[in-house]
Amino acid sequence: MLADRHGLTPQVYGLCFGVVIAGYLLGSLASGRLVRRLGSDYLLLRGAWLGAIAGVSMAALEFSGVRSIAAILGPMFFCTVATGLVMPNAIARALAPYPTMAGAASALMGCVQMTIAALVGIAVGHALAGGGAVLAMAVAVCTLAAPLSYLALTRGQRCT
């Protein structure tokens, strides 16, 4: 979307990619520092909502006709900050009930995660010929699924 729509050189595209990855690093570092003080559930749910807001913002900007590099990188930066906040806490929460088989549970979780990512990637790849709105909608739907899944799966249970 960036390279085609904005005609970025490989070097500038790499810098844009670096901005997005910096968000993940920032989120992961923040998660490590904040988890003891705020708790795993707090970071997981707040991070998931941050990602949802960022994903929906990306789609809103795309559909309102704001198609600048900042309109793509800004929301994606915050989506990856959210990923950095959510993933370590989600993994810890998913593995906590299975301490004797953490390896198998971790492998299953990774397999499910990569399968969903591959399916979404295939769908977006096939639909991308229709324009950048497909990618923005995929980001919005996937980021909204995170907090909604958390709420549906935990049903008020708390584990810190």
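Residues numbered from 1 in each chain as written. Predicted model: local features only at pLDDT ≥ 70, side-chain atom pairs only at ≥ 80, totals over all residues. Heavy atoms only, no water.

Considerations on the pattern of salt bridges
Just so we agree on the cut-off: Here a salt bridge means any side-chain nitrogen of Lys or Arg lying within 4 Å of a carboxyl oxygen belonging to Asp or Glu. Note on conventions: DSSP H or I runs of at least 4 residues are helices, E runs of at least 2 residues are strands, and numbering of each starts at the N terminus.
Inspection of the entire model under this criterion finds two salt bridges. A salt bridge links Asp41 to Arg93; the shortest N-O distance between them is 2.5 Å. Remark: Arg93 occurs in helix H4 (residues 69-95) and Asp41 occurs in helix H3 (residues 40-63); sequence separation between them is 52 residues.

Thoughts on the packing of aromatic side chains
Let me state the cut-off plainly: Here a pair means two rings of Phe, Tyr or Trp (six-membered ring of Trp) with centres within 6.5 Å. Their orientation is stacked below 30 degrees between planes, edge-to-face above 60, and tilted elsewhere.
All told, the structure shown has one aromatic pair when counted by the stated rule. Aromatic side chains Phe77 and Phe78 sit 5.2 Å apart centroid to centroid with 85 degrees between the ring planes, which places their arrangement in the edge-to-face category.

Some points on the packing of helix H5 (residues 102-127) against helix H6 (residues 133-154)
Rule in force here: Only C-alpha atoms enter the line fits that serve as axes; for helices the fit covers just the stretch in contact. Angles between N-to-C directions range over 0 to 180 degrees. Note on terminology: angles under 35 degrees are roughly parallel, angles over 145 are roughly antiparallel, angles of 65 to 115 are roughly perpendicular, and the others are oblique. Throughout, a crossing is termed right-handed when the near helix is turned clockwise from the far one, and left-handed when it is turned anticlockwise from it by less than a right angle. Only heavy atoms matter for contacts: two residues are in contact if any of them lie within 4.5 Å across the pair. Following the grouping adopted for this structure description, the nonpolar residues are Ala, Val, Leu, Ile, Met, Phe, Trp, Tyr, Cys and Pro, the charged ones are Asp, Glu, Lys and Arg, and the polar ones are all others, Gly among them.
Close contact between H5 and H6 brings their axes to 9 Å; oriented N to C, the two are set at 155 degrees. With respect to their mutual orientation, H5 and H6 come out roughly antiparallel. Crossing hand, H5 versus H6: right-handed. Between H5 and H6, the contacting residues are Val120, Val124 and Ala127 on the first element and Val134, Leu135, Ala138 and Cys142 on the second. Residues of the contact of H5 with H6, tallied by class, amount to seven nonpolar, no polar and no charged.

Comments concerning the confidence of the model for the chain
Just so we agree on the cut-off: As a per-residue measure, pLDDT tells how confident the predictor is, with possible values from 0 to 100.
Looking at the chain as a whole, its pLDDT mean stands at 90, while 94% of the residues score no less than 70. H3 holds the highest mean pLDDT among the elements of the chain, 95, whereas helix H1 (residues 2-6) holds the lowest, 71.

A look at the packing of H3 against H4
At a minimum axis distance of 8 Å, the contact between H3 and H4 shows a crossing angle of 155 degrees. It follows from the interaxial angle that H3 and H4 lie roughly antiparallel. Taken as a pair, H3 and H4 cross one another with a handedness that is left-handed. Considered class by class, the residues forming the contact of H3 with H4 number 18 nonpolar, five polar and two charged.

What about the nonpolar core?
Defined as follows: Among buried residues, those of type Ala, Val, Leu, Ile, Met, Phe, Trp, Tyr and Cys that are joined through side-chain atoms within 4.5 Å constitute a nonpolar core. Accessible area is worked out with a 1.4 Å probe on protein chains only. A residue is then buried under 20% of its type maximum, exposed over 50%, and partly exposed in between.
Counting eight residues, the largest nonpolar core consists of Ala54, Met58, Ala59, Ile72, Cys79, Ala136, Val139 and Ala140. Residue assignment for this core shows that the elements contributing at least two residues are H3, H4 and H6. Filtering out sequence-adjacent residues up to four positions away, Cys79 remains in contact with Gly51, Ala54, Gly55, Val139 and Thr143. Counting five residues, the second-largest nonpolar core is a separate cluster that includes Leu44, Leu45, Ala48 and Tyr150.

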